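Residues per chain are reported as follows:
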Amino acid sequence: MMKRYLSTLLMVGLTLPQAAMSDTLRLPEDASFAVHVIDEAHLTRDTPTLSDLILQPVASQQADYHLPEHCLITADAQLEGERVRISAKTLTCIDTHGADSEIFSGKLSASAMESDGSYAVDACIEKLGSECERAELQPSHIFQLRLGRALALDPQDNPAARINEQRRQAEGEGIANPIPNERPDPDED
C-alpha cells in the first residue's frame, strides 16, 4: 500500500506554501500542521496498535504551518485509555519548479493532538468505563501533528528528474539536442 501511495506521490507536482522550500525543507520545533488518515483504520482492545499508518497533510485554519496535500507521513498508532496516540515517523514530499522537481524525505518526530490542543486523537467509538474498546480513524477526521524537534530535510536524489531532463533534450528542448539541418530525403525522387 505504501508503494502505491509513493508512486502516486512521485507523479504529482506540488508547491510547499509555508514550509519555505528552497534547498532544504525546514520546520521549527513545536510547529503543527493538520493531517488526516488516507484510509480508514481500526484499533481494538485485542489489536491496540497499528504500524505504518499513512497520513496526509490538509489545509486548516488551526495549523501553524501548511504542508502540501501531496506529502505523505508514516506513523504508528496505539489505543491508550480513551484516545489513540499517534507518533509520526517519516515525511516524504515532492517540490516542483516548472519542469524540475525535488524530493524531500526523512525521519519525522511528531505527535498527534486534536485541533483544540488536547493530547492524542479522540477516535473512540465504543467505551467500557473509562477505557476505549474500539476506535476508528476516518479520513474525514482532521487532527494536528506537532513536531517534537525541528525538521530540516535536504533534497534527495531524483532519478525521475534526470529522466525528464534527458527526455526534454531528446525532444529538441535542450542543448544536447540541436535542431537538425534540413536535408533532402534520399528516398524522394
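Parameters and conventions
Residues numbered from 1 in each chain as written. Predicted model: local features only at pLDDT ≥ 70, side-chain atom pairs only at ≥ 80, totals over all residues. Heavy atoms only, no water. Buried < 20%, exposed > 50% of the residue type's maximum accessible area, 1.4 Å probe, protein only. Helix = DSSP H or I, 4+ residues; strand = E, 2+ residues; numbered from the N terminus. Pairing = 2+ DSSP bridges. Salt bridge = Lys/Arg side-chain N within 4 Å of Asp/Glu carboxyl O. Polar contact = N/O pair within 3.5 Å; in protein donor to acceptor, adjacent residues only side chain to side chain. Core = buried A, V, L, I, M, F, W, Y, C linked by side-chain atoms within 4.5 Å. Contact = heavy atoms within 4.5 Å. Disulfide = S-S within 2.5 Å.

1. Concerning the pairing of strand β3 (residues 41-44)
Right, so step 1: Side chains Ala41 and Leu43 of β3 all project onto a buried face; the interleaved residues His42 and Thr44 project onto a face where none is buried.
Right, so step 2: Inspection of the sheet shows β3 paired to strand β9 (residues 131-137) by 4 bridges, in the antiparallel sense. Bridging across to β9, Thr44 finds its partner in Arg134.

2. Remarks on the pattern of salt bridges
Right, so step 1: Inspection of the entire model under this criterion finds 6 salt bridges.
Right, so step 2: A cluster of three or more residues bridged by salt bridges with shared partners is formed by Asp52, Asp76 and Lys89.

3. Re the side chain of Thr74
Right, so step 1: With respect to the helices and strands, Thr74 occurs in strand β5 (residues 72-80).
Right, so step 2: One polar contact links Thr74 to Thr90, side chain to side chain, over a distance of 2.4 Å.

4. A look at the nonpolar core
Right, so step 1: Within the largest apolar cluster, 36 residues are counted, with the highest numbers of intra-cluster contacts made by Leu55, Ile73, Val84, Ile86, Leu91, Leu137 and Leu145.
Right, so step 2: At 5 residues, strand β6 (residues 83-97) tops the list of elements feeding residues into this core.
Right, so step 3: Not counting chain neighbours up to four residues away, the residues in contact with Ile73 comprise Phe33, Val35, Leu53, Ile54, Leu55, Pro57, Ala88, Thr90, Leu91, Leu108 and Leu145.

5. As for the state of the cysteines
Right, so step 1: This structure, assessed with the given rule, holds 2 disulfides.
Right, so step 2: In this model Cys71 forms its disulfide with Cys93; the gap between the sulfur atoms is 1.9 Å. With the S-S bond torsion at 120°, the cross-link from Cys71 to Cys93 turns out right-handed. Separated by 22 residues along the polypeptide, Cys71 in the loop between β4 (49-57) and β5 and Cys93 in strand β6 bring together distant segments of the chain.
Right, so step 3: On the accessibility criterion, Cys71 (0% relative accessible area) is buried.

What is shown is where atoms sit, not what they do.
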